[in-house]
Amino acid sequence: FFSEHTDDMVVKADCDSAGAFFGAMGASCALIFANLGAAYGTAKAAVGVAHLGVAAPQLIMRGIVPVVMAGILGIYGFIFAV
C-alpha cells in the first residue's frame, strides 16, 4: 500500500492498538510483581539472617541462600517480562 508519494508507505494494522497495550501491561505487571516479591523475600530473609547472626554466628553463610534465591526471583521476573 503506497500513498500518493512513492517514498512514503501507509501502514495498515490488522488489529487495533489494544493488543500492544495489553502486551505492555502484562510485561510491566510481570516485572513489577516479580520485583515486589523479590524485595519482600529479601526483607524476610534478611531478618532471618540477622536473627541467625545472633543465635548461631557460625551458620551465617548458610542463611545467605534465601537472600540469593529472592534476588534470582527478581531476575527471573525481568527475563519473563522481556
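The structure contained in this document is the topic of the report that follows. (Residues numbered from 1 in each chain as written. Predicted model: local features only at pLDDT ≥ 70, side-chain atom pairs only at ≥ 80, totals over all residues. Heavy atoms only, no water.)

Take the overall build of the chain next. Each helix and strand counted, the chain has three helices and zero strands in total. Going from the N terminus to the C terminus, the chain shows its helices and strands as α-α-α. Burial status across the chain gives 13% buried among its 82 residues. In the chain, the share of contacts with a sequence separation of at least 24, taken over all contacts with a separation of at least 6, comes to 51%. Carbon and sulfur atoms make up 74% of the accessible area of the chain, which amounts to about 6,600 Å² in all. (Helix = DSSP H or I, 4+ residues; strand = E, 2+ residues; numbered from the N terminus. Buried < 20%, exposed > 50% of the residue type's maximum accessible area, 1.4 Å probe, protein only. Contact = heavy atoms within 4.5 Å. Areas by Shrake-Rupley, 256 points an atom, 1.4 Å probe, with all protein chains shown as cover.)

Moving on, we get to helix α3 (residues 65–81). With 17 residues, α3 extends 25 Å between its outermost C-alpha atoms, agreeing within 8% with the 24 Å of an ideal straight helix rising 1.5 Å per residue. Check the buried side of α3 and you find it contacts α1 (18–55). (Expected span 1.5 Å × (residues − 1).)

Now for the packing of aromatic side chains. Applying the stated rule across the entire model yields two aromatic pairs. Between Phe21 and Phe22, the aromatic rings sit 5.1 Å apart at their centres with planes inclined by 70 degrees, giving edge-to-face as the arrangement. Here Phe22 falls in the exposed class, since its relative accessible area comes to 59%. (Phe/Tyr/Trp six-rings, centres within 6.5 Å; stacked < 30°, edge-to-face > 60°.)

What follows deals with a nonpolar patch on the surface. The grouping of Ile60, Met61, Ile64, Val65, Val68, Met69 and Ile72 at the surface amounts to a nonpolar patch, some 620 Å² of accessible area in total. Elements that contribute at least two residues to the nonpolar patch include exactly α2 (60–63) and α3. Take Ile60: its relative accessible area is 30%, and that puts it in the partly exposed class. (Patch = residues over 30% accessible without salt bridge, like charges linked within 9 Å, V, L, I, M, F, W, Y side chains within 5 Å. Salt bridge = Lys/Arg side-chain N within 4 Å of Asp/Glu carboxyl O.)

The next point concerns the environment of Gly63. With respect to the element layout, Gly63 can be found in helix α2. When its relative accessible area of 14% is taken as the criterion, Gly63 is described as buried. Sequence spacing of Gly63 and His51 is twelve residues, and the spatial spacing of their C-alpha atoms is 9.8 Å. The residues touching Gly63, leaving out its near neighbours within four places in the chain, are Val49 and Leu52.

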